[in-house]
Amino acid sequence: MNDKPAIVWLREDFRLADNAALTAATQTGAPLLLIHIRPERPYGMTAVDWFREKTLAHFNVDLRSLGGKVHVFAGDSARLLPEIAARVGAAAVFWNRRYDPVGREIDAGLKREFAPCGTEAHSFAGALLHEPWTVKNRVGQPFKIFSAYWRAACEAGSPRPPLPAPRELKFFTEPVTGAQEEQLPWPAWTSSLDAHHKFGEAAAQDRLVRFIADDLGHYEDERDFPDRDATSGLSPYLRVGQISPRQVWNAVSDASVNPAHAAARAKFLAELGWREFAWSVLWEHPGLADHALRQEFEGLPWRTDPSGLEAWKRGRTGYPLVDAGMRELWRSGVMHNRVRMVAASFLVKHLLIDWRLGEQWFAETLADYDPASNALNWQWCAGTGADSAPFFRIMNPVLQSRKFDPSGVYIRRWVPELKSVSDKDIHAPWESPGGLPANYPLPIVDHAAARRRALAAWDGVRGGDGQA
Ligand SMILES: Cc1cc2nc3c(=O)[nH]c(=O)nc-3n(C[C@H](O)[C@H](O)[C@H](O)COP(=O)(O)OP(=O)(O)OC[C@H]3O[C@@H](n4cnc5c(N)ncnc54)[C@H](O)[C@@H]3O)c2cc1C
């Protein structure tokens with residue numbers, strides 16, 4: 001028995017089950033000191049910060065019933081973690097790895113700092129199915145194309161089964177100085193988000209079980225329709241680690257699915273694969289959110305258009321599907337994937353506004369924001385990434401709306417001004433015989449003209465040899 005505590009540093013892994021760091025710390029027999037270090041937030045809370053804080057609060061409720069809690073600190077973790085470890089005389093520190101450029105540098109520095117002090121620092125895989133540096137092509141290079149990446153990842157074998165939650169947790173009970181209030185005051189803008197989310201490990205598991213039972217079988221056919229609740233809704237839980245990708249992978253792989261639906265299962269697992277691919281690309285390109293992967297796009301003549309950007313952010317572009325998506329984002333902290341694509345394409349191609357400004361807005365407002373998936377998908381939509389939709393493929397927001405929200409159910413949910421417009425006219429209400437409803441704007445840009453402008457800009461970058 002060892003009375004020096006083992007510190008478990010929780011970052012994006014607020015769960016008891018399949019938490020390799022927690023399990024390993026438990027196995028030492030030392031009393032556990034669970035800590036979380038809030039980063040300094042000079043610009044205030046973002047939506048994913050809000051989701052993480054809510055998650056932490058719920059995790060603490062679960063822990064209290066087991067006699068423990070997460071001690072919360074705030075500040076620079078590179079300085080604080082060694083201080084806390086020294087203060088409590090920790091025998092060892094455990095964490096699950098993170099892969100963002102800043103986080104991985106801090107963690108590597110901490111390991112170097114702990115080594116000579118006799119405090120063991122142990123890190124584990126937890127947030128991904130495959131460590132981002134492990135899936136490589138035959139000559140040891142990272143993949144640039146998703147399909148090749150995913151084939152290789154699948155050939156590497158199934159991820160190991162998830163770990164059970166530790167049967168018994170013994171907590172460090174001495175007072176720990178310097179800890180903060182567990183809960184921060186919520187900014188006013190977060191109040192509308194609450195109604196759209198449930199928190200806690202049990203809620204995440206429940207969502208997974210319901211998705212498998214009700215939606216997995218028709219995932220492939222229905223996932224693109226924002227008017228249906230046909231996707232898993234797991235992304236915020238995955239983001240803050242209330243559920244692990246291994247738990248999702250194994251539950252979906254083991255579920256008994258009608259053989260006719262095997263393709264739906266494969267499609268869903270491949271979407272988890274996109275998440276993996278995004279992290280592997282970020283691992284290789286730490287500047288993914290700042291620099292176009294295709295260099296030539298750095299020369300694209302982006303427009304400076306503050307009022308266009310503001311109309312896009314507020315859902316006032318006059319294109320109902322784009323506006324519905326942007327308002328869904330603001331009010332709920334999430335947006336359906338198909339609509340994310342249409343809204344992103346609209347900003348980049350119709351308004352010719354730099355994709356980085358859209359990436360930043362999503363980073364502030366998405367409850368599932370992660371630096372890999374967000375940057376990769378923005379580069380995909382902008383055509384600037386390695387395996388992206390080509391720039392000249394410009395989504396028509398009206399046709400997308402007619403195809404994927406045919407009766408306007410999704411639009412009416414988020415754009416109440418259009419409630420009484422007919423199903424036929426709701427996609428382009430400015431053409432409605434009844435006239436445009438009061439308070440809803442005319443399109444801020446004409447589709448055909450915007451398309452021509454975008455193609456001309458792209459042609460300039462390509463030296464005039466482009467195809468439209
Ligand atoms: C411009 C843009 C920005 C995006 N930003 C983010 C982001 O910051 N964080 C984020 O998690 N996803 C992002 N996505 C991807 C995708 O929209 C969301 O993962 C998805 O909408 C989440 O809903 P779901 O959990 O119901 O997904 P499901 O369809 O149920 O998919 C299951 C899981 O697979 C993963 N996944 C699905 N699609 C993608 C994808 N295209 N790229 C990466 N992973 C995917 C997610 O982890 C998701 O939870 C972005 C997409 C676009 C077009």
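Every value quoted in this text rests on a predicted model; they were computed, and no experiment measured them.

**Notes on the site of the ligand**
In the vicinity of the ligand, 27 residues are found, and the nearest of them are Tyr 219, Thr 231, Ser 232, Gly 233 and Asn 337. At 3.0 Å from a nitrogen atom of the ligand is found a side-chain nitrogen or oxygen belonging to Asn 374. Elements supplying a minimum of two residues to the shell around the ligand: helix 9 (235-240), helix 11 (262-284), helix 14 (337-350) and helix 16 (371-382). When the residues that make up the shell around the ligand are grouped by side-chain class, the tally is 14 nonpolar, 8 polar and 5 charged. Shared between two domains, the shell around the ligand holds at least three residues of each, these being domain 2 (128-162 + 201-284) and domain 3 (295-461).

**Examining the nonpolar core**
In summary, soluble globular proteins display a tendency toward joint burial of nonpolar side chains. In this structure, Trp 312, Val 322, Met 326, Met 335, Phe 362, Trp 378 and Phe 391 are the most contacted members of the largest nonpolar core, which totals 54 residues. Residue assignment for this core shows that the elements contributing at least two residues are helix 12 (306-314), helix 13 (320-332), helix 14, helix 15 (355-365), helix 16, helix 18 (409-414) and helix 19 (447-462). Element by element, the count of residues in this core is highest for helix 14, at 8 residues. Counting 46 residues, the second largest nonpolar core, distinct from the first, contains Tyr 237, Leu 238, Ala 270 and Trp 283.

**Focus: the environment of Arg 338**
Relative to the assigned elements, Arg 338 resides in helix 14. Residues Arg 338 and Val 61, 277 residues apart in the sequence, show an inter-C-alpha distance of 36 Å. Look past the residues within four positions of Arg 338 in its chain and what remains in contact with it is Asp 224, Met 395, Gln 400 and Phe 404.

**Thoughts on the UniProt feature "site: Electron transfer via tryptophanyl radical" (unreviewed entry) in the protein**
With numbering aligned to this structure, UniProt lists the feature "site: Electron transfer via tryptophanyl radical" (unreviewed entry) at Trp 302, Trp 355 and Trp 378. As for its placement among the helices and strands, Trp 302 is situated in the loop between helix 11 and helix 12. Residue Trp 302 is classed as buried on the basis of its relative accessible area, which comes to 18%. In contact with Trp 302, not counting residues within four places along its chain, are Phe 297, Val 348, Leu 352, Ile 353, Asp 354, Trp 355 and Arg 356.

Rules of the game
Residues numbered from 1 in each chain as written. Predicted model: local features only at pLDDT ≥ 70, side-chain atom pairs only at ≥ 80, totals over all residues. Heavy atoms only, no water. Near = heavy atom within 4 Å. Polar contact = N/O pair within 3.5 Å; in protein donor to acceptor, adjacent residues only side chain to side chain. Helix = DSSP H or I, 4+ residues; strand = E, 2+ residues; numbered from the N terminus. Nonpolar A, V, L, I, M, F, W, Y, C, P; charged D, E, K, R; others polar. Domains from an automatic or database assignment. Core = buried A, V, L, I, M, F, W, Y, C linked by side-chain atoms within 4.5 Å. Buried < 20%, exposed > 50% of the residue type's maximum accessible area, 1.4 Å probe, protein only. Contact = heavy atoms within 4.5 Å. UniProt positions renumbered as here; feature names shortened; annotations may be inferred.

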